Amino acid sequence: MQQGTPIKDELGPHPANWSPAASGIAVVAFIALLIVAWTAASTLLLIFAGILLGVFLDGLTRLLGQVIGLGRGLRLTIVSLVLGGLTLGFLAFGGATVVQQGRELGQTVTKQAGSVRDRLKEYGIDLPAFSAPEPTSGDQGPDKAKDTETDKEKKAGGLGGLASGAIKSPGSLLSDAGSMLGPAAAVVTGLFSALGNVLVIVFLGLACAADPASYRDGAVRFVPPRYRPRATALLDGMGETLRHWLFGQLITMAVIFVCIWAGLSFLGIGGALILGLQAGLLAFIPTIGPLIAGVIIVLAGLASGTNAALGAFGVYLVVQCLESYGLTPFIQKRALDIPPATIFAGQLVLGVLFGLWGIALALPLMAVIKVLLEQVYIEDTLDEEADV
């Protein structure tokens, strides 16, 4: 090698050697990416939920491949049909019971929450009312004065006033129709919005599970060729972590549902099925979800007396101890190991930024970030071995 000949960096130019223009463009592009992510946060989280469903379907398809030697498409079709059949069967045979118990549970929780509020008020602790606000009637506020004036005109005008009062203008008819259809339209809009979200998640999940390698390879193509093997390993690591965590979480949720349902049924507490179901579903949201489920269970137990409430709280406490010290450390050992305070802080941040979606998807998002930091920063940048 000749003296004075510059050594060519095999890894390409470093950021320190970039021109000011290139650095400025990179900063502007990063800020624009953050703005787009902030603006479309709900859409991005909806897409992430679809990816989670795809990871779940992909895991079931892989498990089925260890039993039968069919092609991936046939295995995914079998898995989808079985899950769809189970869902429809549950809705057909248990849907009515769930709806009825859910309605009764809502009334019971509202009533008992009001009783607790009144009891606390006796000790000087004033909490906001739990009952829903009364609907606004048409004879309140400025409209009441208008109606009064109209009535006076009708009385003064005799039959002419009655005729003019009976015939309404097109604007009044549209206003009345809007007031009558307003609540129904809101319900229909909310129903279609929720159904649309579910269809988007299902479509994305099926599409991702049908051929996950093509999506992974498509994302890797945007990475420079020398980094593509590492990017492929990184995406595979994220998928494996999400798969282990998701299956472990579903097992935990199922155990919580069955144990609370059986325990509350044994105590004779009404609505045991819906109480167990909501506790199992809320277990998907760590820290905050179990706390909400426990409050609902205790309030529902109060309807049957203080002893029943104490028994319901005992069942909930035993199940939570089983989940915290038995199921989670054993099932999630290979998937995720994040301290509880870090999880709670992450939920608060994501909840403030993205609302309910951020709280619900906080743990899988933190799992992806953890894999990204371990492999890209700790292993590649710091050249240290990440904790397994």
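Along each chain, residue indices are assigned from 1 in the same order as the chain's sequence is written. Residue-level local features of this predicted model are given only where pLDDT is at least 70; pairs of side-chain atoms are given and counted only at 80 or more, and the full residue set underlies all totals for whole chains, interfaces and linings. Hydrogens and waters are ignored; side-chain quantities use all the structure's heavy atoms.

All right, on to the packing of helix 7 (residues 228–267) against helix 8 (residues 272–282) then. Here the axes come from fitting lines to C-alpha atoms, over the contacting stretch only for helices, and the angles between their N-to-C directions go from 0 to 180 degrees. Strands are runs of DSSP state E lasting at least 2 residues, helices are runs of H or I lasting at least 4, and numbering of each runs from the N terminus. It is the contact of helix 7 with helix 8, at a shortest axis distance of 8 Å, that shows an interaxial angle of 155°. Here helix 7 lies roughly antiparallel to helix 8, going by the angle between them. In this structure, helix 7 crosses over helix 8, and the sense of that crossing is right-handed. Contact with helix 7, carried on its side by Met253, Ile256, Phe257, Ile260, Trp261, Leu264 and Ser265, involves Ala272, Leu273, Leu275, Gly276, Leu277, Ala279, Gly280 and Leu281 of helix 8 and no other residues of that element. Each residue is assigned to one of three groups, with Ala, Val, Leu, Ile, Met, Phe, Trp, Tyr, Cys and Pro labelled nonpolar, Asp, Glu, Lys and Arg labelled charged, and all others, Gly among them, labelled polar. Considered class by class, the residues forming the contact of helix 7 with helix 8 number twelve nonpolar, three polar and no charged. Roughly parallel means an angle under 35 degrees; roughly antiparallel, over 145; roughly perpendicular, 65 to 115; everything else is oblique. Left-handed describes a crossing in which the near helix is turned anticlockwise from the far one by less than a right angle; the clockwise case is right-handed. Any two residues whose heavy atoms approach within 4.5 Å are treated as being in contact.

What follows deals with the packing of helix 7 against helix 13 (residues 362–381). At a minimum axis distance of 10 Å, the contact between helix 7 and helix 13 shows a crossing angle of 145°. For the pair helix 7 and helix 13, the sense of crossing is right-handed. Along the contact surface, helix 7 presents Arg230, Ala233, Leu234, Gly237, Met238, Thr241, Leu242 and Trp245, while helix 13 presents Leu363, Pro364, Ala367, Val368, Val371, Leu372, Gln375, Val376, Glu379 and Asp380. Tallied by class, the residues present in the contact of helix 7 with helix 13 amount to twelve nonpolar, three polar and three charged.

Opposite charge on two side chains makes pairing possible when the charged atoms of those side chains draw close. Only one rule defines a salt bridge in this text: a Lys or Arg side-chain nitrogen within 4 Å of an Asp or Glu carboxyl oxygen. In this structure the tally under the stated criterion is six salt bridges. Measuring nitrogen to oxygen at the nearest pair gives 3.1 Å for the salt bridge that ties Arg62 to Asp58. Taken together, the residues span about one helical turn, with Arg62 and Asp58 both in helix 2 (residues 41–65) at a distance of four residues. Here Arg216 ties to Asp217 by a salt bridge, and the two come within 3.1 Å at their closest N and O atoms. Whether a residue is buried, partly exposed or exposed follows from its accessible area with a 1.4 Å probe, protein chains only, as a fraction of its type maximum: under 20%, in between, or over 50%, in that order. The class for Asp217 is partly exposed, based on a relative accessible area of 36%.

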